[in-house]
Amino acid sequence: ICIDTATDQLSPMAARLVGLGFCVSPYEAWYIPTNGMLGLDKVIDALKPLIESPHNAFYGHNIKYDIHILKNHGIHLHNIGFDTMVASYLLAPQNNRHGLDLIALEKFGKVKTPIKDLIGSGKKAISMLDVPIEEVGPYCCEDVDYTCRLKELFEKEIEKEGLSEVLYKIELPLIPVLVDMERYGM
């Protein structure tokens, strides 16, 4: 299951959850706002069993950030299945930029909605919490949809390049270690 957290800022330790995006196959994405009718606590209570289940594997683009956000809200994602940002780095370590917007443009010719279109920039920037759900939802769904598409593409490329063992035995198991180091220190 592809997952993405929509938050009000980039700092994972201070960010507040605005909503969650999910995708299981390309062109099919869902957004669940936490600032809507249900509210944060009810959304967390409803999604916690799904996300914490050892039977479900989750993936994302920079899933380490999403794990931090989920931990901030008492949800522990245990099973990481893939990370498209890590895969991008393994496939093109010479590149110094592995952001989702850039990769979606390179691989699919898609110009994704810039975050600036939602929150603005500079002194006039607003919090994602102040952006209407009707705008955040499509933005988050676009992120999980393109992450899902990239996973399908990168899985084949990782296999073809002989990088499966590096990804699945070294890089992905390292993510929870890095999360703990960032949260608690070494």
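Data block above holds the structure.
Engineer: Please provide a residue-by-residue account of the packing of aromatic side chains, values included.
Structural biologist: For the structure on display, the rule yields two aromatic pairs. Between phenylalanine 82 and tyrosine 168, the ring centres sit 6.3 Å apart and the planes meet at 55°, which makes this aromatic pair tilted. Pair noted here: phenylalanine 82 is in strand S5 (residues 80-83) and tyrosine 168 is in helix H7 (residues 164-184), with a separation of 86 residues, a long-range link. Taking the relative accessible area as the measure of exposure, phenylalanine 82 reaches 0% and is therefore buried. Look at tyrosine 168 and you get partly exposed, because its relative accessible area is 36%. Positioned over the ring face of tyrosine 139 is lysine 112, at 5.8 Å from the centre of the ring. Here the guanidinium or amino end of arginine 149 rests over the ring plane of tyrosine 146, the centre of that ring lying 4.1 Å away.

Engineer: Describe the environment of glycine 60, and please don't skip the residues or the numbers.
Structural biologist: Looking at the secondary structure, you find glycine 60 in strand S4 (residues 58-60). Taking the C-alpha atoms as reference, glycine 60 lies 19 Å from glycine 74; in sequence the two are 14 residues apart. Ignoring any residue separated from it by four or fewer positions in sequence, one finds glycine 60 in contact with Ile3, Phe82, Asp83, Thr84 and Thr147.

Engineer: Account for the state of the cysteines, naming residues and giving values.
Structural biologist: Under the counting rule described, the total for this entry stands at zero disulfides. There is no disulfide at cysteine 140, and the cysteine sulfur nearest it, in cysteine 141, is 6.1 Å away. Looking at cysteine 140, the relative accessible area reads 1%, which means it is buried. For cysteine 141, a relative accessible area of 17% translates into the label buried.

Engineer: Can you break down the pattern of salt bridges residue by residue, with the values?
Structural biologist: For the structure shown, the criterion picks out nine salt bridges. Across the pair lysine 64 and glutamate 182 runs a salt bridge whose closest N-O atoms are separated by 2.6 Å. Of the two residues, lysine 64 sits in helix H2 (residues 63-72) while glutamate 182 sits in helix H7, which places them 118 residues apart along the sequence. When its relative accessible area of 21% is taken as the criterion, lysine 64 is described as partly exposed. The exposure class assigned to glutamate 182 is partly exposed, which follows from its relative accessible area of 41%. Where lysine 112 meets aspartate 143, a salt bridge forms, and the shortest distance between an N and an O atom there is 2.4 Å. Remark: aspartate 143 occurs in helix H6 (residues 133-160) and lysine 112 occurs in the loop between helix H4 (100-108) and helix H5 (115-119); sequence separation between them is 31 residues. Aspartate 143 shares its class with lysine 112; the two are buried. Each of Asp101, Lys112 and Asp143 takes part in a single network of salt bridges with overlapping partners.

Calculation criteria
- Residues numbered from 1 in each chain as written.
- Predicted model: local features only at pLDDT ≥ 70, side-chain atom pairs only at ≥ 80, totals over all residues.
- Heavy atoms only, no water.
- Phe/Tyr/Trp six-rings, centres within 6.5 Å; stacked < 30°, edge-to-face > 60°.
- Helix = DSSP H or I, 4+ residues; strand = E, 2+ residues; numbered from the N terminus.
- Buried < 20%, exposed > 50% of the residue type's maximum accessible area, 1.4 Å probe, protein only.
- Lys NZ or Arg CZ within 6 Å of the ring centre and 35° of its normal.
- Contact = heavy atoms within 4.5 Å.
- Disulfide = S-S within 2.5 Å.
- Salt bridge = Lys/Arg side-chain N within 4 Å of Asp/Glu carboxyl O.

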